[in-house]
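As a plain string of letters, each chain reads:
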Amino acid sequence: MSIDYQTLKNWQFPVLQHTYDADDSMRYALAVGLGAAATGEDAQRDGALRFVYEAQLQALPSMAVILAHPGLWMGAPQAGVDLLKVVHGEQRLRLHRPLPASGSVVGRSRVKAVIDKGRDKGALLIVERELHDAAGELLATVEQTSFCRGDGGFSDAHTPVDTASAPMPPVPARAPDLLCDLPTRPEAALLYRLSSDRNPLHADPQTALRAGFPRPILHGLATYGIACHALLRSCCDYDASRLCALATRFSAPVYPGETLRTEIWRDGRHLQFQMRALERDVIVLANGTAEMTDATPSNFSTETP
């Protein structure tokens, strides 16, 4: 069964309520490496302890991307998507106010765009999710682009032409202003799956081999969380309320245990970044953009990154 544009564009997602507590926030932070930066002198100098210890606990901003997630809905037969050939292409997040360390959110998802790149080039599927708190206030807007490698060529004369979000700019040609090296733990994917995606690709060696990888890979959204960690550490003094937007393109897989270098360019409140797996000298996150604010939480921007 191939993609049917109208079926996907009008997909009805359930409204999801996701309640999380302090343990969930700390578990997520530990999975993306905050624990290593919250020990000894680092805890006093950087303030990373506030993400993994309940006293004055903060939630890592990137945790918003896993809350009220609709799951592997593309695996439904009526979607017409070859799930085995789907890869995570891009991830965007706009925080309209800081994410509470615990609480309950309501997620409403919609298919924003279905784009045919051609029979030999696949398709793009863009899903937008809004997260509201218990009082109905908008907390975050999350946008995920999936690259459906086996599903191009579905368009006909009657298929509307959707447009993608504005492209993420390439990083500047000059040397980066800041570098942040963060090691990943060998068991990082096993830790991260306790907070989110239980896909065996990230745990079972045989599944990884069948997918073409020599061993289990780290979740893309875990790499995204590590980028958030690096930006908070390098640019925000570990103050979660200062980061209000984060977007990037996934360009290569990460293997647990690798050291990830985030290369950062600053232009006032606007940041650009890319991430490199040092052991292989491979760019794993490309065209990254982020935005900081010195304003009060109520003045967070509502623009899409």
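Because the structure is predicted, anything quoted here is derived from the model rather than measured. (Residues numbered from 1 in each chain as written. Predicted model: local features only at pLDDT ≥ 70, side-chain atom pairs only at ≥ 80, totals over all residues. Heavy atoms only, no water.)

A. A look at the overall build of the chain. In terms of helices and strands, the chain carries six helices and 10 strands. Taken over C-alpha atoms, the radius of gyration comes to 19 Å for the chain, in line with the 19 Å a tight globule of 305 residues would show. If you line up the chain on its principal axes, its C-alpha atoms span 60 × 45 × 40 Å. Burial analysis of the chain (305 residues in total) assigns 50% to the buried set. Partitioning the contacts of the chain with sequence separation of at least 6, the portion at a separation of at least 24 is 73%. (Helix = DSSP H or I, 4+ residues; strand = E, 2+ residues; numbered from the N terminus. Rg over C-alpha atoms; globule rule 2.2 N^0.38 Å. Buried < 20%, exposed > 50% of the residue type's maximum accessible area, 1.4 Å probe, protein only. Contact = heavy atoms within 4.5 Å.)

B. Spotlight on the pattern of salt bridges. Across all of its chains, the model carries 17 salt bridges by this definition. Where R94 meets E291, a salt bridge forms, and the shortest distance between an N and an O atom there is 3.2 Å. With R94 in strand β2 (residues 86–95) and E291 in strand β10 (residues 282–292), this pair connects stretches of sequence that are 197 residues apart. The class for E291 is buried, based on a relative accessible area of 8%. When the shortest N-O distance is used, the salt bridge between R276 and E263 registers 2.8 Å. One end of the pair, R276, is in strand β9 (residues 270–277); the other, E263, is in strand β8 (residues 259–267), and 13 residues separate them in sequence. Members of the salt-bridge network, linked through shared partners, are E90, R92, K112, E143 and R249. (Salt bridge = Lys/Arg side-chain N within 4 Å of Asp/Glu carboxyl O.)

C. Structural context of the packing of aromatic side chains. All told, the structure shown has four aromatic pairs when counted by the stated rule. Taking the centre distance of 5.1 Å and the plane angle of 50° together, the rings of W11 and W73 count as tilted. Separated by 62 residues along the polypeptide, W11 in the loop between α1 (5–9) and β1 (16–20) and W73 in the loop between α3 (40–46) and β2 bring together distant segments of the chain. Exposure class is identical for W11 and W73. Each is buried. Residues F51 and Y238 carry aromatic rings whose centres are separated by 6.1 Å and whose planes lie at 55° to one another, so their mutual orientation is tilted. Of this pair, F51 sits in the loop between α3 and β2 while Y238 sits in the loop between α6 (220–235) and β7 (243–250), placing them 187 residues apart in sequence. A connected cluster of aromatic rings, assembled from ring pairs, spans W11, F13 and W73. (Phe/Tyr/Trp six-rings, centres within 6.5 Å; stacked < 30°, edge-to-face > 60°.)

D. Geometry of the environment of D23. Topologically, D23 is positioned in helix α2 (residues 22–31). By relative accessible area, D23 is classed as partly exposed at 45%. Here the alpha-carbon distance between D23 and Y192, two residues 169 residues apart in the chain, equals 14 Å.

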